[in-house]
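A look at the structure
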Amino acid sequence: MAPAPPPAVSFSPAEVQRRLAAGACWVRCGARLYDLTGFVRHHPGGEQLLRARAGEDVSADLDGPPHRHSANARRWLEQYYVGDLKGDPQGSVENGTVSSANTQKTDPWMEPKLKAVDWDKDLVDWQKPLLWQVGHLGEKYDEWVHQPVIRPIRLFHSDLIEALSKSVWYNVPIIWMPLMLYFSWSHYRTLAQGNVRLFESFSTEYSVALPQSAFPGLFVMGVLLWSLLEYLIHRFLFHMKPPRDSHYLIMLHFVLHGQHHKAPFDESRLVFPPVPASLGIAFFYITLRLLLPEAVGGIMFAGGLLGYIIYDMIHYYLHFGSPHKGSYLYNMKTYHAKHHFAHQKSGYGISSKLWDHFFHTLIPEEPHPKMQ
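Residues numbered from 1 in each chain as written. Predicted model: local features only at pLDDT ≥ 70, side-chain atom pairs only at ≥ 80, totals over all residues. Heavy atoms only, no water.

Under an unreviewed UniProt entry, the name given to the protein chain is Fatty acid 2-hydroxylase, and the source organism is Neovison vison. The UniProt entry for the protein chain carries the following comment under Sequence similarities (unreviewed entry): "Belongs to the sterol desaturase family. SCS7 subfamily." (UniProt positions renumbered as here; feature names shortened; annotations may be inferred.)

Below is the structure:
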């Protein structure tokens with residue numbers, strides 16, 4: 001059973017003002033008050049929120065540039081509801097400018113209420129591991145998984161398997177950068193010996209000797225190959241729509257990517273855990289090794305591995321970083337937010353929009369209507 005919602009609370013303008021003075025970021029839609037202190041740094045439009053006046057209806061700011069809010073985003077906002085403003089909802093709070101952009105922690109007074117929030121439409125028991133439960137959602141799964149929540153997810157009963165399904169972000173460079181550097185250096189030395197020939201396994205007469213200077217080109221080809229693979233996996237595997245009568249395919253989709261769309265700010269699940277990542281990386285290497293000479297495949301593998309590291313780091317930053325407004329990463333952050341909250345069937349690029357351009361899956365530009 002979902003926990004009962006907390007009782008409604010009313011706040012006077014003076015009470016709201018005190019919280020703002022303490023560094024909180026509270027916003028208002030009509031008479032409803034929301035505490036976005038803990039979320040504002042993750043929001044692509046966080047700068048607008050930090051400039052909003054608490055006594056002003058900020059729905060226009062919430063729907064303003066750089067993106068329009070979807071129904072999912074509006075439902076998401078309800079998780080931060082703290083109560084209503086006493087008196088005239090059209091009134092204002094004096095000197096209600098949010099002054100602190102550095103406050104990252106939620107007001108301790110609010111913490112119990114955030115933990116108690118649960119939607120009426122929840123179809124699972126959040127006190128138990130979710131993986132086996134989602135398989136039974138059937139035709140309700142696709143809609144449910146694209147209604148995001150701000151809470152951690154537990155997948156497995158086993159503590160060991162659960163631990164292996166999570167990772168901190170810095171594991172990615174710590175584990176995979178040394179391997180990338182090793183493959184780069186060792187196969188560069190092999191290429192420098194001057195005895196690597198392309199197509200030699202098919203025809204000695206028409207084989208092509210590869211000079212040492214081919215290393216940068218092969219490395220960049222590996223990076224581009226990974227970016228293409230990233231796009232294809234994200235589009236066709238991660239965003240497959242599992243058959244509603246297939247318990248196991250629903251579970252597979254959820255463990256691969258559905259969990260991320262359900263809880264996009266569960267930071268322990270934003271990068272690939274080392275154990276499952278090693279299986280994919282090993283498959284990538286073996287495939288290149290079978291198709292190409294060892295040195296060529298090894299150099300392209302090193303480039304692909306760097307592409308993967310960049311991808312995972314950028315993806316984490318798009319969720320938890322605060323890029324400067326107008327920068328490349330700021331634009332990618334807003335683009336990725338649209339993918340999560342409004343356009344799950346387009347906008348598959350994470351580190352760039354290159355393949356979205358090429359395959360015509362760009363998220364369409366839209367006007368920014370005001371919240372009704």
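What follows is about the nonpolar core. Trp176, Leu210 and Tyr308 are the most contacted members of the largest nonpolar core, which has 39 residues in total. When residues of this core are traced back to their parent elements, those giving at least two are helix H9 (171-192), helix H10 (215-238), helix H12 (274-291), helix H13 (294-320) and helix H14 (328-341). Of the residues forming this core, the biggest block, 14 residues, is contributed by H13. Residues within four places of Leu210 in sequence aside, it is in contact with Leu191, Val196, Leu198, Leu218 and Val296. Among the nonpolar cores identified, the runner-up in size contains 17 residues, and Val134, Trp144, Ile153 and Ile250 belong to it. (Core = buried A, V, L, I, M, F, W, Y, C linked by side-chain atoms within 4.5 Å. Buried < 20%, exposed > 50% of the residue type's maximum accessible area, 1.4 Å probe, protein only. Helix = DSSP H or I, 4+ residues; strand = E, 2+ residues; numbered from the N terminus. Contact = heavy atoms within 4.5 Å.)

This next bit is on the environment of Leu224. With respect to the helices and strands, Leu224 occurs in helix H10. Taking the C-alpha atoms as reference, Leu224 lies 9.5 Å from Met300; in sequence the two are 76 residues apart.

Running from amino to carboxyl end, H10 crosses helix H11 (residues 247-262) at an angle of 140 degrees, the nearest separation of the two axes being 10 Å. Taken together, the axes of H10 and H11 are oblique relative to one another. Remark: the crossing between H10 and H11 carries left-handed chirality. Here H10 contributes His234, Leu237 and Phe238 to the contact with H11, which in turn contributes His253, Leu256 and His257. Broken down by class, the residue content of the contact of H10 with H11 amounts to three nonpolar, three polar and no charged. (Axes fitted to C-alpha atoms, helices over the stretch in contact; angles between N-to-C directions. Parallel < 35°, antiparallel > 145°, perpendicular 65-115°, else oblique. Left-handed = near helix turned anticlockwise from the far one by under 90°. Nonpolar A, V, L, I, M, F, W, Y, C, P; charged D, E, K, R; others polar.)

Attention shifts here to the layout of surface pockets. Empty space left among the atoms is revealed by rolling a probe the size of a water molecule over them. Of the volumes computed, that of the largest pocket is approximately 980 Å³. For the largest pocket, the lining is made up of 40 residues, of which Phe238, Leu256, Phe272, Pro276 and Ala277 are closest to its centre. When residues in the lining of the largest pocket are grouped by element, the largest group, 10 residues, is from H12. (1 Å grid on protein atoms, 1.4 Å probe; cavity = no way out; pocket = protein on both sides within 12 Å on 5 of 7 lines; lining within 4 Å. Points joined across faces, edges and corners; volume = space filled by probe spheres on them.)

For the rest of this paragraph, the subject is H9. Over its 22 residues, H9 extends 32 Å from the first C-alpha to the last, a length consistent with the 32 Å expected when each residue adds 1.5 Å. Bending of H9 peaks at approximately 30 degrees at the position of Met177, with proline Pro178 no more than four residues after it. Within H9 the residues assigned to the buried category are Val172, Trp176, Met180, Phe183, Ser184, His187 and Leu191. Turning to H9, the residues buried within the fold contact H10, H12 and H13. (Expected span 1.5 Å × (residues − 1). Bend = angle between axes of the 7 residues up to and from the residue.)

In this fold, Ser351 is placed in the loop between H14 and helix H15 (354-358). In this structure Ser351 touches Glu230, Ile314, Tyr328 and Met332, once residues within four positions along its chain are discounted.

Here H10 crosses H13 at 50 degrees, and the two axes come no closer than 7 Å. When the interaxial angle is binned, H10 and H13 end up oblique. H10 and H13 meet at a crossing whose hand is right-handed. Across the interface between the two elements, Phe215, Leu218, Phe219, Met221, Gly222, Val223, Leu225, Trp226 and Glu230 of H10 pack against Val296, Ile299, Met300, Ala302, Gly303, Gly304, Leu306, Gly307, Tyr308 and Tyr311 of H13.

The next subject is the confidence of the model for the protein chain. Taken as a whole, the protein chain shows an average pLDDT of 78; of its residues, 70% reach a score of 70 or greater. In this model, residues 1-5 is a region of pLDDT below 50 whose contacts with residues beyond four sequence positions or in other chains number four contacts. A low-confidence stretch, residues 45-67 stays under pLDDT 50, and its non-local contacts, those more than four residues away or across chains, total 75 contacts. (pLDDT = per-residue confidence, 0-100.)

Between its first and last C-alpha atoms H11 spans 18 Å; for 16 residues at 1.5 Å apiece the expected length is 22 Å, and the helix comes up short by more than 12%. Along H11, the helix axis deviates most sharply at Val255, where the bend reaches about 60 degrees. Of the residues making up H11, those classed as buried are His247, Ile250, Met251, His253, Phe254, His257, Gly258, Gln259, His260, His261 and Lys262.

Non-glycine residue His360 carries a positive phi angle of around 60 degrees. On the secondary structure map, His360 appears in the segment after H15.

What follows is about the environment of Tyr170. Checked against the element boundaries, Tyr170 lands in the loop between helix H8 (159-164) and H9. Taking the C-alpha atoms as reference points, Tyr170 and Met313, separated by 143 residues in sequence, lie 8.5 Å from one another.

Within the structure shown, the criterion is met by 27 aromatic pairs. Pairing Tyr182 with Phe183 gives two aromatic rings, centres 5.7 Å apart and planes at 85 degrees, and the pair type is edge-to-face. According to the relative accessible area criterion, Tyr182 is exposed, its value standing at 54%. Measuring from centroid to centroid gives 4.9 Å for Phe183 and Phe301, while their planes differ by 65 degrees, and the two rings are edge-to-face. Of this pair, Phe183 sits in helix H9 while Phe301 sits in helix H13; the two residues are 118 residues apart in sequence, bridging distant segments of the chain. For the pair shown, Phe183 and Phe301 are each scored as buried. Linked through ring pairs, Trp169, Tyr170, Phe265, Tyr316 and Phe320 together constitute an aromatic cluster. (Phe/Tyr/Trp six-rings, centres within 6.5 Å; stacked < 30°, edge-to-face > 60°.)

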